[in-house]
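# Architecture and fold: a report
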Amino acid sequence: MPRLAVLISCGLLQLWTVAPAEAAEPSTDAVTRGVFLLRSATDTVSVERFERSATRIRGELLFRLADQRWTYTLELDSTDGHVTHMQTEFRRASTGADTPSLQSGSLDFV
């Protein structure tokens, strides 16, 4: 069963995380998933979903009130875990995730 925990609480602003209840054995095929919630009182300000494997981190950051959806993919070096490539895209949150991006970027790290 996943657990919900408050990471930071400052006045009415809170950063929440949802994490697996038990850590799995390390594996090159294992995928870790998580969610961060940023709340102000009872309103959700932003939501970030992510998943990580030995060679990739993928995520989506949603700011509903600002109508922003950011997606990102980081390719990791399988020997030391350093980032070798980053791909990011921006869309309006009110459009579907499969619509053409309004802005995108691609970075190679050497």
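These numbers come from a predicted model, not from an experiment.

## Thoughts on the pairing of strand S3 (residues 32-40)
Where S3 and strand S4 (residues 43-52) come together, 9 bridges link them in antiparallel fashion. Within S4, the residue paired with Val35 across the bridge is Arg49. Joining the antiparallel neighbours S3 and S4 is a turn of 2 residues, in which Ala41 adopts a positive phi near 55°.

## A word on the side chain of Arg91
You can see Arg91 is positioned in strand S7 (residues 83-92). At 2.9 Å, the side chain of Arg91 and the side chain of Glu89 are in polar contact. Setting aside its immediate chain neighbours within four residues, Arg91 contacts Asp67, Gln68, Arg69, Thr71, Gly96, Ala97, Thr99, Pro100 and Ser101.

## A short note on the pairing of strand S5 (residues 56-63)
As paired elements, S4 and S5 share 6 bridges and run antiparallel to each other. Opposite Phe50, over in S5, you have Gly59 as the bridge partner. From the end of S4 to the start of S5, which pair antiparallel, there are 3 residues. Inspection of the sheet shows S5 paired to strand S6 (residues 68-76) by 8 bridges, in the antiparallel sense. Bridging across to S6, Arg56 finds its partner in Glu75. Here S5 hands over to S6 after 4 residues, with Asp67 in that stretch at a positive phi of 60°.

## Some details on the packing of aromatic side chains
How two aromatic rings sit relative to each other is given by the distance of their centres and the angle of their planes. In this structure the tally under the stated criterion is 2 aromatic pairs. Ring centres of Phe36 and Phe50 lie 5.5 Å apart, and the angle between their planes is 25°; on these two criteria the pair is classed as stacked. With Phe36 in strand S3 and Phe50 in strand S4, this pair connects stretches of sequence that are 14 residues apart. What makes Phe50 partly exposed here is its relative accessible area of 24%. On the numbers, 4.7 Å between centres and 50° between planes, the contact of Trp70 with Phe90 is tilted. Remark: Phe90 occurs in strand S7 and Trp70 occurs in strand S6; sequence separation between them is 20 residues. Judged by its relative accessible area of 9%, Phe90 is buried.

Rules and cut-offs
- Residues numbered from 1 in each chain as written.
- Predicted model: local features only at pLDDT ≥ 70, side-chain atom pairs only at ≥ 80, totals over all residues.
- Heavy atoms only, no water.
- Pairing = 2+ DSSP bridges.
- Helix = DSSP H or I, 4+ residues; strand = E, 2+ residues; numbered from the N terminus.
- Polar contact = N/O pair within 3.5 Å; in protein donor to acceptor, adjacent residues only side chain to side chain.
- Contact = heavy atoms within 4.5 Å.
- Phe/Tyr/Trp six-rings, centres within 6.5 Å; stacked < 30°, edge-to-face > 60°.
- Buried < 20%, exposed > 50% of the residue type's maximum accessible area, 1.4 Å probe, protein only.

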